[in-house]
Amino acid sequence: MTTIRKDILGNVKTILVKIGSAVLTGENGLDLNIIEQLVDDMVHLKKRGYRMVIVTSGAVASGKHRMGITNTLKTMPQKQAAAAIGQSRLMRVYSNAFGKHGINVGQILLTLSDLTERKRFLNIKNTLSTLMEWGAIPIINENDTVSVEEIKFGDNDQLAAMTANIIEADLVINLTNIEGLYDKNPARSSKAKLIHLVEAISEDIECEATSEVSDVGTGGMKSKVNAAKQVTAFGIPYIIAPGKEKGILRDLFAGKEKGTLFLPMEHALNSRKYWIAYTLRSRGKIIVDDGAKTAILEEGRSLLPSGIFDVEGDFCIGDPVVCIDEQGTALAKGLVNYNAADIRKIMGLKSSKIEQVLGHKDYDEVIHRDNMAVTFTVKEAKTKPA
């Protein structure tokens, strides 16, 4: 085991395992042998004292097979119907596989709206915590049967990234149908080399990752790299590994250098700020001047009206809004204390002028630093070409 992997894995207690459709399914629908194989590995780790949470795909692919559908599903109702049929089958297979070892599982179906409302977010957190305290294994999937575009996660890579925050995971393992992250697309270049360690996700890495997906999947390597960026921002290490390889989870914890390990960021966001940065969808933009940019990035200060020179969108008090610089680079996301119309009236002014203009002053800050998550680091700002 390399020293880095030894240090990372030596501190792990709670593991989130994301399993993709391309791993779980074969020519005959769900691949029962692969599922049994992965369950055996997870039971092995659970008996060693690890807490396990699964984010699973496979419902739509399972439903298609059960209905004898070989063509690509093109409409949302078709996908939702396939998910409705396949989800029960998927859970039954997991339940039977874990049941052989005397372990119970709990099904959690989520939409994005379940996580964007803070009270529901905390209720889900408490439910997952209780399931783990009881020794059960939560199995999470998107609630495809009711999801529409506005409340979809996009894919289960993003769902897994958000779930990692909920359960405060110590490690996320994304099991997919390839070895890990390559320096080039291995499907197009015979010279592609597997990258075993990513210390920081650079622009080059993000550009190399493709959006290509399998016939049964929805998230390509780009989605997995984006999820890794989110997870490591919360201070959690992230591994992409080949899910069909026998004993892969045991091998990872035995120290074998398989897959790609993404190291956590040195300065991690706390749970609330992570929720703001990566779970909430922005309702608008606030364009800030260089002085406000410096205050936000380098001094950790709140956003005052004096540092604002433009507003985009029509948002309300408490909505999540992105702060961008004059070049259009996103710096932070935060919850606003004033609506868009009022911010347009007070932008560029000192806080002492707010009451004079609006007739009231509830806050000095447009976004308080406690409700702001910086998503663009000082290091990036200094190395970014002008």
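Keep in mind that what you see is a predicted model, and the values were worked out from it rather than measured. (Residues numbered from 1 in each chain as written. Predicted model: local features only at pLDDT ≥ 70, side-chain atom pairs only at ≥ 80, totals over all residues. Heavy atoms only, no water.)

A.B. asks: Account for the environment of leucine 331, with residues named and values stated.
C.D. replies: Within the secondary structure, leucine 331 sits in strand E14 (residues 330-335). Assessed through its relative accessible area of 0%, leucine 331 is described here as buried. Counting along the chain gives 158 residues from leucine 331 to isoleucine 173, while the straight-line C-alpha distance between them is 28 Å. (Helix = DSSP H or I, 4+ residues; strand = E, 2+ residues; numbered from the N terminus. Buried < 20%, exposed > 50% of the residue type's maximum accessible area, 1.4 Å probe, protein only.)

A.B. asks: Describe in detail the nonpolar core, supporting the description with residues and values.
C.D. replies: Counting 45 residues, the largest nonpolar core has Ile140, Val231, Tyr238 and Phe262 as the members making the most contacts within it. Where this core is concerned, the elements lending two or more residues are strand E4 (51-56), strand E5 (105-110), helix H6 (112-116), helix H7 (118-133), helix H8 (156-167), helix H10 (221-233), strand E9 (238-242) and helix H12 (271-279). Top element by residues in this core is H8. It accounts for seven residues. In this structure, Ile8, Phe98, Ile139 and Ala241 belong to the second largest nonpolar core, which totals 40 residues. (Core = buried A, V, L, I, M, F, W, Y, C linked by side-chain atoms within 4.5 Å.)

A.B. asks: So what's going on with the packing of aromatic side chains? Residues and values would help.
C.D. replies: Tallied over the full model, the rule gives five aromatic pairs. When the ring of tyrosine 238 is compared with that of phenylalanine 262, the centres are 5.9 Å apart and the planes differ by 80°; the resulting orientation is edge-to-face. A residue pair is termed long-range when its members are at least 10 positions apart, and tyrosine 238 in strand E9 and phenylalanine 262 in strand E10 (residues 260-262) qualify at 24 residues. With respect to class, tyrosine 238 is no different from phenylalanine 262; both count as buried. An angle of 50° between the planes, with centres 5.1 Å apart, marks the rings of tyrosine 274 and tyrosine 278 as tilted. (Phe/Tyr/Trp six-rings, centres within 6.5 Å; stacked < 30°, edge-to-face > 60°.)

A.B. asks: Before we move on, can you summarise the pairing of E14 with the specific residues and values?
C.D. replies: Across the six residues of E14, five count as buried, placing the element largely inside the fold. With five bridges joining them, strand E13 (residues 320-324) and E14 adopt antiparallel strand pairing. Bridge pairing links valine 322 to lysine 333 in E14. Where E13 folds back on E14, the antiparallel hairpin that results is connected by five residues, among which glycine 328 adopts a positive phi of roughly 90°. (Pairing = 2+ DSSP bridges.)

A.B. asks: Can you lay out the sheet that holds strand E6 (residues 137-142) for me, pointing to particular residues and giving the numbers?
C.D. replies: Spatially, E5-E6-E4-E1-E7-E9-E10-E8 is the arrangement adopted by the eight strands of the open sheet, whose pairing is mixed. The sheet terminates laterally at E5 and strand E8 (197-198), the two strands that pair on one side only. Here E8 runs beside E10; their pairing, made up of two bridges, is parallel. Looking across to E10, one finds that valine 198 is bridged to phenylalanine 262. The strands that H8 touches are strand E1 (14-19), E4, E5, E6 and strand E7 (171-176); relative to E1, the one it contacts most, it runs at about 170°. Most of the contacts of H10 go to E9, to which it runs at about 150°, and overall it touches E7, E9 and E10. (Contact = heavy atoms within 4.5 Å. Axes fitted to C-alpha atoms, helices over the stretch in contact; angles between N-to-C directions.)

A.B. asks: Got a sec to walk through the side chain of serine 57? Specific residues and values, please.
C.D. replies: Tracing the backbone through its elements, the reader meets serine 57 in the loop between E4 and helix H4 (59-66). With relative accessibility at 10%, the residue serine 57 sits in the buried group. Side-chain polar atoms of serine 57 contact the side chain of asparagine 156, separated by 3.0 Å. (Polar contact = N/O pair within 3.5 Å; in protein donor to acceptor, adjacent residues only side chain to side chain.)

A.B. asks: Any chance you could break down the pairing of E5 for me, citing the residues and the numbers?
C.D. replies: The side-chain alternation of E5 yields one buried face, formed by Gly106, Ile108 and Leu110, and one unburied face, formed by Val105, Gln107 and Leu109. One ladder, built from six bridges, connects E5 with E6; its direction is parallel. Of the residues in E6, the one forming a bridge with leucine 109 is asparagine 141.

A.B. asks: How would you sum up the sheet that holds E14? Please name residues and give values.
C.D. replies: Spatial strand order, E12-E11-E13-E14-E15: five strands in an open sheet with mixed pairing. Each edge of the open sheet is held by one strand with a lone partner, namely strand E12 (308-312) and strand E15 (372-374). Neighbouring strand axes in the sheet, compared pairwise and without regard to direction, differ in orientation by 25° on average.

A.B. asks: Requested: an account of the pattern of salt bridges, with residues and values cited.
C.D. replies: Using the criterion set out here, one finds 13 salt bridges in the structure. The partner of aspartate 31 in a salt bridge is lysine 244, with the nearest N and O atoms 4.0 Å apart. One end of the pair, aspartate 31, is in the loop between strand E3 (29-30) and helix H3 (32-47); the other, lysine 244, is in the loop between E9 and helix H11 (248-253), and 213 residues separate them in sequence. Linking aspartate 364 and lysine 361 is a salt bridge whose minimum nitrogen-to-oxygen distance equals 2.9 Å. When its relative accessible area of 34% is taken as the criterion, aspartate 364 is described as partly exposed. When its relative accessible area of 35% is taken as the criterion, lysine 361 is described as partly exposed. Connected through salt bridges with shared partners, the residues Glu245, Asp251, Lys256 and Lys258 form a single ionic network. (Salt bridge = Lys/Arg side-chain N within 4 Å of Asp/Glu carboxyl O.)

A.B. asks: Please set out the environment of arginine 344 residue by residue, giving values where relevant.
C.D. replies: Inspection of the secondary structure assignment puts arginine 344 in helix H14 (residues 340-346). Residues arginine 344 and aspartate 310, spaced 34 residues apart in sequence, show a C-alpha to C-alpha distance of 7.1 Å. With residues up to four places along the chain from it excluded, the contact list for arginine 344 reads Val311, Glu312 and Gly313.

A.B. asks: Break down a nonpolar patch on the surface for me, citing the residues and quoting the values.
C.D. replies: Together, Met67, Ile69 and Ile85 line one region of the surface with nonpolar side chains, adding up to about 250 Å² of accessible area. Counting through the fold element by element, isoleucine 69 comes out in the loop between H4 and helix H5 (76-99). Of the residues examined, isoleucine 69 reaches a relative accessible area of 37% and is grouped as partly exposed. (Patch = residues over 30% accessible without salt bridge, like charges linked within 9 Å, V, L, I, M, F, W, Y side chains within 5 Å. Areas by Shrake-Rupley, 256 points an atom, 1.4 Å probe, with all protein chains shown as cover.)

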